[in-house]
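Residue-level listing of the chains:
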Amino acid sequence: MTSVLPATEFAFVLPRGLAGADGSVHRDGVMRLATARDELVVERARTAQAHPGYGDLVMFARVITRLGNLTEITPLSLEDLFTVDLAYLREFYNRINQSNRAHIPAECPQCRHNFSVDLSLAGEL
């Protein structure tokens with residue numbers, strides 16, 4: 001029987017997978033939408049303050065609700081992600097938290113009309 005995810009959770013499959021201590025590979029996961037609290041926790045994390053790139057791992061540890069059969073997902077456990085999987089998670093996080101769209105404000109240089117431009121995320125045409 002297939003379980004249905006809430007509208008705030010999204011399933012993913014890592015390209016390579018996170019190798020567990022027992023040799024198993026964890027690829028199937030679920031990520032929830034981020035909240036303002038998640039952003040604040042990342043900003044307050046000492047490791048993320050000292051090493052800004054670590055903030056992604058802190059955030060992912062908060063928003064990934066399931067990864068394979070891991071019982072706990074921590075920034076430390078995510079340090080062993082392959083770079084292709086880290087890049088995938090960044091893209092996936094951006095995609096679900098921006099409703100598949102990234103918009104930037106723009107202004108026509110000739111008529112000064114304001115509008116927004118829909119940007120494609122990496123890998124989209």
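In this text, all values refer to a predicted model and were calculated from it rather than measured experimentally. (Residues numbered from 1 in each chain as written. Predicted model: local features only at pLDDT ≥ 70, side-chain atom pairs only at ≥ 80, totals over all residues. Heavy atoms only, no water.)

1. Structural notes on the sheet that holds strand 2 (residues 25-32)
- The strand order across the open sheet formed by three strands is 1-2-3, and the pairing between neighbours is antiparallel. Two strands lie at the open edges of the sheet, namely strand 1 (9-19) and strand 3 (64-67), each paired on one side alone. On average, each strand axis in the sheet is tilted by 25° relative to the strand beside it, whichever way the strands run.
- Note that strand 1 and strand 2 share seven bridges and pair antiparallel. Residue pairing for strand 2: A11 is matched across the bridge by V30.
- Against the sheet, helix 5 (residues 83-97) contacts strand 1, strand 2 and strand 3, and its axis sits at roughly 170° relative to strand 1. (Pairing = 2+ DSSP bridges. Helix = DSSP H or I, 4+ residues; strand = E, 2+ residues; numbered from the N terminus. Axes fitted to C-alpha atoms, helices over the stretch in contact; angles between N-to-C directions. Contact = heavy atoms within 4.5 Å.)

2. Examining the side chain of H26
- Residue placement: H26 occurs in strand 2.
- At 3.3 Å, the side chain of H26 and the side chain of S24 are in polar contact.
- Engagement of the side chain of H26 in a polar contact is seen with the side chain of N69, the distance being 3.2 Å.
- Apart from the residues lying within four places of it in its own chain, the contact partners of H26 are L14, G17, L18, G20, L67, G68, N69 and L70. (Polar contact = N/O pair within 3.5 Å; in protein donor to acceptor, adjacent residues only side chain to side chain.)

3. As for the confidence of the model for the protein chain
- Mean pLDDT over the protein chain stands at 86; residues scoring 70 or higher make up 85%.
- Per-element mean pLDDT across the protein chain ranges from 66 in strand 4 (residues 102-107) up to 97 in strand 3.
- Contacts from residues 121-125, a stretch scored under 50 in pLDDT, to residues over four places away or in other chains number seven contacts. (pLDDT = per-residue confidence, 0-100.)

4. Some points on the packing of aromatic side chains
- If you walk through the whole model with that rule in mind, you get four aromatic pairs.
- With 5.9 Å between their ring centres and 15° between their planes, Y88 and F92 make a pair best called stacked. Taken together, the residues span about one helical turn, with Y88 and F92 both in helix 5 at a distance of four residues.
- Directly above the ring of F82 sits R16, whose terminal nitrogen or CZ lies 4.7 Å from the centroid. (Phe/Tyr/Trp six-rings, centres within 6.5 Å; stacked < 30°, edge-to-face > 60°. Lys NZ or Arg CZ within 6 Å of the ring centre and 35° of its normal.)

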